[in-house]
Amino acid sequence: MAEEQKPGNPGAAIPGAATTGAVSSAAAPASPAPAAAAPAEPKPRVPFSPVLLKYINEPNSHTIEHYLARGGYETARSHVGVTEPATLIKLVDDSGLRGRGGAGFPTGKKWSFLAKGTGKPAYLAVNGDESEPGTFKDRYILERDPHELVEGVILTCYAIGSKHAFIYLRGEFILGFERLHAAVEAAKAKGLVGKNIFGTGHDGKPGVDLTITVVRGAGAYICGEETGMLSSIEGGRGYPKIKPPFPAVSGLFGCPTIVNNVETISAVTHIIKHGVAWHKQWGTEKSPGFKIFCLSGAVKKPGVYEVPLGIPMREMIDVYGGGLKDGRKMKAVIPGGLSAPVLTPEMVDKCTLDYESLASLGSMLGSGGITVLDEQVDMVSAIYNTMRFYHHESCGQCTPCREGTGWLEKVAHRFHHDEGHQGDVELLADICKNMRGRTICVLADAAAMPMQGFLQYFKKDFEAKIKDPAFVEKQRTYRDEISPKAKTLSATGAGPSALDVGSEMAE
Amino acid sequence: MSPSNMQSTNNAVRANWRKEFSPEGMKKFHEYADEYPNKRSALMMVLRLAEEEFGSITDEAMQIVADLCNVGVSHVQGMVTFYTHFKRPFHGKHRFMVCATLMCALENNTDAALKQVEAKLGIKTGEITADGLFSCEKVECLADCDKPPVVQCDKEHFTSMKGPQLDAYLDQLLKSEGKTAADYQGKPGIKMDQRVPTLPSHFNFPGESQVGARHFENKDAYSPEGQGELTTKIPGALATPLTVPVADGVNGANGALGSKHNAGKSHGSNQNGAGHG
């Protein structure tokens, strides 16, 4: 479907890719999209062509031969053992690169927080547990350009002084794991990973060692949370740990650890290669650079698109995504993975794809998974599905999350079956309020935020699913007649509403 | 734990359990273990190894993994039950996983795919065919949201799995097992039971005497090697006076679990409490 957008690319399915479905939707437009749909820009648009996903549609792009042929590992070769690590950290800091995993924390700043002089080894943990529904960008890097990530890991480890990096992939990335594992092995065979990499350790130069361990998870959303991931790497249940201490002080095995997303680490290579000015020519002042967005839902051309930050969301949906399928009307957009609060079409019009714009609209850029919901979607069923997901994925450590997600699912389930009770909308809002900010990790917030967004903008959809008020009144009368106790309770307002009164009360 | 479950994991069965992986598996294990600062942290990968060795993570596999990684079996079981992607004995040989999260569920994609699988295999979602070959379940996001519905089966990942494509794959899978769809029509499936027995309560930890009786309710299930069925009659070696007092209110099973080395003795005490008291 998207072949016409990338004339330079063969657009062929990757040989050996274990997908029987269409693989062509991974197209990244080769030329900047026309700015027809965009409002007036403050500065002229700098032409952009994909950086991270440039080669993903070429056959054998995952092999080391392909990577070396396009100048791969040259950046690492020219810096490892040559440049001062502090220079690299400053370079990444100056570039303004922000974490691509969801929180958008400045990467250079995070690296500079790494505790030094502790006498313990420092670790790098790369987060490839891409489990936010609606996000599938890391899959393309891992399956089709793993060496890009490996080079980023080499440079990052050198910059932060780490000798051991862990790359944690989710269990469902079967092909991604195989390819990344093969990539690490191939790099090891070429002396790019292992002892004295890139020929260091000779001519009086200190040797640089690096071990890369690829870990495969086994299907737990919570392992995408940084401390949960560390728990999993340590060989336990993926239980998040309380912060502080932050991983940069006490992380993996109690040692200082830097945790970064796959996309962030992959971008590091290009930033170090091309420099700060190159990276800053795109994006906004506070969100410089480019990012991979994952488009799904009711658009004509879903897939991954790498674009400069700060482009209008309308452009992403209408130009890159080709607009909505079958002339449908947009009802809502989930902008940053399932946990991001929903946007209405009016908000989408004024929204640009950068961290600040989405934060000002009460949502978040998150991991960049944009899902378009059309008017056919039943919003109440959609939120029920979402709540079921979070209930299933709650790790169970903290009561507000373990119980709260369950309650949200149960109440949403009532709405899903058109059996909402009077007062359920308020109940949902109350549960959300009591979940947020009261748990070790942010899964409770991630569950409460979409619910709050849906309640804010689609309250009418919920109210329409409350059982007919007349029916409720009838029930109330009936019960009051047979149960004086229930009558007293409902009259004083102290008791549960009429429909909540179970059979035991109606005796 | 029902007695029938106990039967499958009693000590006589356990005596025949393997003590380690195959030579190739052990080689892989050492490769993994060498990469980590301690053996415990290799658990995720070693469990994957166990999955390959045994086809699914069985009790036997968990015991081996626990021994190899220097952790308790309870820790291994805790991990196996926490992570949903590990294949367990109650899953079918071919485990169909259909993504049911929002992006796939839009436009009825998930339901359509599930219906197709259900029609072909004659089972409901969450069930396994009576011959144990196929099972079908709903799972959460498989991270390929642009091409719904996403299906995983047998280490393979499929996108846009609907209509003829899904049918063709199902047929191919059935053929590889020498079956046809007709074989499964009208035969109800079995519900996949998450509560598969994993740790019998008479479980012995490594290095512990096999004689230590840990469970007192299902005596039939307990038969220590060389001693025959355990009845109320206490074997001579165990019929010594109790040296470690058992706290009041602690029943026999708990008392035995609490005092590791005196498990057998405390058992004796409970059975013949009056005599020793």
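Note that the structure is predicted; figures quoted are calculated from it, not measured.

> Explain the packing of helix α3 (residues 23–35) of chain B against helix α4 (residues 43–54) of chain B to me, using residue names and the numbers behind them.
Residues and elements named next belong to chain B. In the contact formed by α3 and α4, the axes pass within 10 Å of each other and the chain directions differ by 170°. Of the possible angle classes, the one that applies to α3 and α4 is roughly antiparallel. Side by side, α3 and α4 meet where G25, K28, F29 and Y32 of the first sit next to M45, V46, L49, E52 and E53 of the second. Of the residues belonging to the contact of α3 with α4, the class tally is five nonpolar, one polar and three charged.

> Please give an account of helix α15 (residues 399–416) of chain A that cites residues and values.
All names here are of chain A. When the terminal C-alpha atoms of α15 are compared, their 25 Å separation across 18 residues agrees well with the 26 Å that a helix rising 1.5 Å per residue should span. Every buried residue belonging to α15 is among C401, G404, T405, G406, L408, E409, V411, A412 and F415, and all of these are buried. Elements that come into contact with the buried residues of α15 comprise α14 (379–393), α16 (424–435), α17 (443–457) and α18 (459–464). Within two residues after α15, D418 carries a phi angle of roughly 55°, on the positive side.

> Residue-level account of the interface of chain A and chain B, with values.
Counting from both sides, the interface comprises 66 residues of chain A and, opposite them, 43 residues of chain B. At the junction of chain A and chain B, the tally comes to four salt bridges. Residue E107 of chain B pairs with R328 of chain A through a salt bridge whose shortest N-O separation is 3.1 Å. Along the contact surface separating chain A from chain B lie 25 residue pairs in polar contact (both at pLDDT 80 or more).

> An account of the sheet that holds strand β4 (residues 151–153) of chain B is needed here, citing residue identities and associated values.
Residues and elements named next belong to chain B. If you trace the six strands from one edge of the open sheet to the other, you get β5-β4-β1-β3-β2-β6, paired in mixed fashion. Strands at the two margins of the open sheet, each flanked by one partner only, are β5 (156–158) and β6 (190–191). For β4 and β5, the ladder comprises three bridges, and the chain directions are antiparallel. Looking across to β5, one finds that C153 is bridged to E156. Helix-sheet contacts for helix α8 (residues 109–121) involve β1 (94–99) and β3 (134–139), and the interaxial angle to β1 is about 155°. Strands β1, β3, β4 and β5 of the sheet are contacted by helix α9 (residues 163–176), whose axis makes an angle of about 165° with β1.

> Explain the pairing of strand β2 (residues 164–169) of chain A to me, using residue names and the numbers behind them.
Here is the key point about a regular strand: its side chains alternate between the two faces of the sheet. Residues and elements named next belong to chain A. With six of its six residues buried, β2 lies for the most part within the structure. A two-sided burial pattern is seen for β2, the buried positions comprising H164, F166 and Y168 on one face and A165, I167 and L169 on the other. Looking at chain direction, strand β1 (residues 123–128) and β2 are connected through six bridges and run parallel. The partner of A125 across the bridge, within β2, is F166. In this sheet, strand β3 (residues 211–216) lies alongside β2 in parallel orientation, the contact comprising six bridges. Counted as the bridge partner of I167 is V214 from β3. With helix α7 (residues 174–189) bridging β2 and its parallel neighbour β3, the resulting β-α-β unit is right-handed.

> Give me the pattern of salt bridges: which residues, what numbers.
Pairing is possible between side chains of opposite charge, provided their charged atoms come close. On inspection of all chains with the given rule, the structure shows 40 salt bridges over all chains. Measuring nitrogen to oxygen at the nearest pair gives 3.2 Å for the salt bridge that ties E51 of chain B to R48 of chain B. Of this pair, E51 of chain B and R48 of chain B both sit in helix α4, three residues apart, which is roughly one turn of the helix. When its relative accessible area of 13% is taken as the criterion, E51 of chain B is described as buried. Among the ionic contacts, a cluster of salt bridges with common partners joins R139 and E143 of chain A together with D144, D146 and K147 of chain B.

> Before we move on, can you summarise the confidence of the model for chain A with the specific residues and values?
All names here are of chain A. Scored by pLDDT, chain A comes out at a mean of 86, with 84% of its residues at no less than 70. Scored below 50 in pLDDT, residues 1–39 shows 88 contacts in the model against residues more than four places distant or in partner chains. Low confidence marks residues 494–507, where pLDDT is under 50. Its contacts with residues over four positions away, or in another chain, come to 21 contacts.

Conventions we followed
Residues numbered from 1 in each chain as written. Chains lettered and ligands numbered in written order. Predicted model: local features only at pLDDT ≥ 70, side-chain atom pairs only at ≥ 80, totals over all residues. Heavy atoms only, no water. Axes fitted to C-alpha atoms, helices over the stretch in contact; angles between N-to-C directions. Helix = DSSP H or I, 4+ residues; strand = E, 2+ residues; numbered from the N terminus. Parallel < 35°, antiparallel > 145°, perpendicular 65-115°, else oblique. Contact = heavy atoms within 4.5 Å. Nonpolar A, V, L, I, M, F, W, Y, C, P; charged D, E, K, R; others polar. Expected span 1.5 Å × (residues − 1). Buried < 20%, exposed > 50% of the residue type's maximum accessible area, 1.4 Å probe, protein only. Salt bridge = Lys/Arg side-chain N within 4 Å of Asp/Glu carboxyl O. Polar contact = N/O pair within 3.5 Å; in protein donor to acceptor, adjacent residues only side chain to side chain. Pairing = 2+ DSSP bridges. Right-handed = clockwise from strand over helix to strand, strands pointing away. pLDDT = per-residue confidence, 0-100.

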